[in-house]
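Architecture and fold: a report
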Amino acid sequence: MPKRSDPRRIGIFGGTFDPVHIGHLRSALEVAEFMALDELRLVPSARPPHRGAPQVSAQDRLAMVQLAVADLSPLCVDDRELGRDKPSYSIDTLESLRAELAVDDQLFLVLGWDAFCGLPSWHRWEALLDHCHILVLQRPDADSEPSEALRNLIAARSISDPLTLNGPGGQISFVWQAPLAVSATQIRGLLASGKSVRYLVPDAVLTYIHAHGLYRAVN
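Bear in mind that the values here come from a model prediction, so they are computed numbers and not experimental data.

1. Digging into the sheet that holds strand 2 (residues 39–44)
In space, the six strands of this open sheet follow the order 3-2-1-4-5-6, with parallel pairing throughout. Across the chains shown, the open sheet's two edge strands, defined by having one partner strand only, are strand 3 (75–77) and strand 6 (172–176). Averaged over neighbouring strand pairs, the angle between their axes works out to 30 degrees when direction is ignored. Relative to strand 6, strand 5 (residues 133–138) runs parallel, the two being bridged by five bridges. For I134, the partnering residue across the bridge sits in strand 6 and is I172.

2. Quick word on the side chain of R61
On the secondary structure map, R61 appears in helix 2 (residues 58–69). Within the structure, the side chain of R61 is placed 2.8 Å from the backbone oxygen of S45, a separation counted as a polar contact.

3. With respect to the packing of aromatic side chains
Taken as a whole and assessed by the stated rule, the structure comprises four aromatic pairs. On the numbers, 5.9 Å between centres and 40 degrees between planes, the contact of W113 with F116 is tilted. With a gap of three residues between them, W113 and F116 both fall in helix 4 (residues 113–117), about one helical turn apart. Assigned by exposure class, W113 and F116 land together as buried. Ring plane angle 50 degrees and centroid distance 6.3 Å describe the contact between W113 and F174, whose orientation is recorded as tilted. With a gap of 61 residues between them, W113 in helix 4 and F174 in strand 6 connect regions that are remote in the sequence. Among the residues examined, W113 registers a relative accessible area of 11% and is labelled buried. For F174, a relative accessible area of 22% corresponds to the partly exposed category. An aromatic cluster of at least three residues, connected via ring pairs, comprises W113, F116 and F174.

4. Here's the deal with the nonpolar core
Counting 37 residues, the largest nonpolar core has V20, L40, L42, M64, L75 and L135 as the members making the most contacts within it. Where this core is concerned, the elements lending two or more residues are helix 1 (22–34), strand 2, helix 2, strand 4 (106–112), strand 5, helix 6 (184–192) and helix 7 (203–211). Formed by 26 residues, the second largest nonpolar core is a distinct cluster that contains I12, I91, L109 and L150.

5. Things to note about the side chain of D18
Note that D18 resides in the loop between strand 1 (9–15) and helix 1. Residue class for D18 comes out buried when judged on its relative accessible area of 4%. Within polar-contact distance, the side chain of D18 engages the backbone nitrogen of Q55 at 2.6 Å. For D18, the residues in contact, after removing those within four places along its chain, are P54, Q55, V56, R61, A184, R188 and Y215.

Rules used throughout
Residues numbered from 1 in each chain as written. Predicted model: local features only at pLDDT ≥ 70, side-chain atom pairs only at ≥ 80, totals over all residues. Heavy atoms only, no water. Pairing = 2+ DSSP bridges. Helix = DSSP H or I, 4+ residues; strand = E, 2+ residues; numbered from the N terminus. Axes fitted to C-alpha atoms, helices over the stretch in contact; angles between N-to-C directions. Polar contact = N/O pair within 3.5 Å; in protein donor to acceptor, adjacent residues only side chain to side chain. Phe/Tyr/Trp six-rings, centres within 6.5 Å; stacked < 30°, edge-to-face > 60°. Buried < 20%, exposed > 50% of the residue type's maximum accessible area, 1.4 Å probe, protein only. Core = buried A, V, L, I, M, F, W, Y, C linked by side-chain atoms within 4.5 Å. Contact = heavy atoms within 4.5 Å.

Structural data, given as structure tokens:
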């Protein structure tokens, strides 16, 4: 592909989003603004290989993410993983997306610290940096420890200032964020017990949850 004089800067932020909540959105928006991204794509996973199946359908989770980021540029939704009849491997997503971009476009895979520490268990994890930079959301309450393989990768590929990441990919950097004490597990529990989750999810998402009877306790 030809080079452009002004490479695009695109972030990828995956998850089950079961449901999407203010913690996801605030983290994504902070990263997008800090890194001056042209887009930060939220990518709902269909069959996450490292966790249990989502509680609600892919269609419902996609609809909620679309509602959550409507008119919230530069956040947007990429639904490519939902069309695959196999587990949602990040390397497949990156290869697919990289094939659509100009050779010098920058691609950033955004991961929380816990997900990053589990990277050596991912499918073809050593190839991820062939297609992107990795931005790790580091938080003061993080307590997971990286493996030796991951420590070696950090030593070889990390850059202290994420704003100085060069080229289309190949490096790792860390972005500090204050934690928001909210989780999808907490939200599902509150909904199952009939309690309100207002202000934990966007109003449009809450309306969708109630309209479709999602996350109710099974009698």
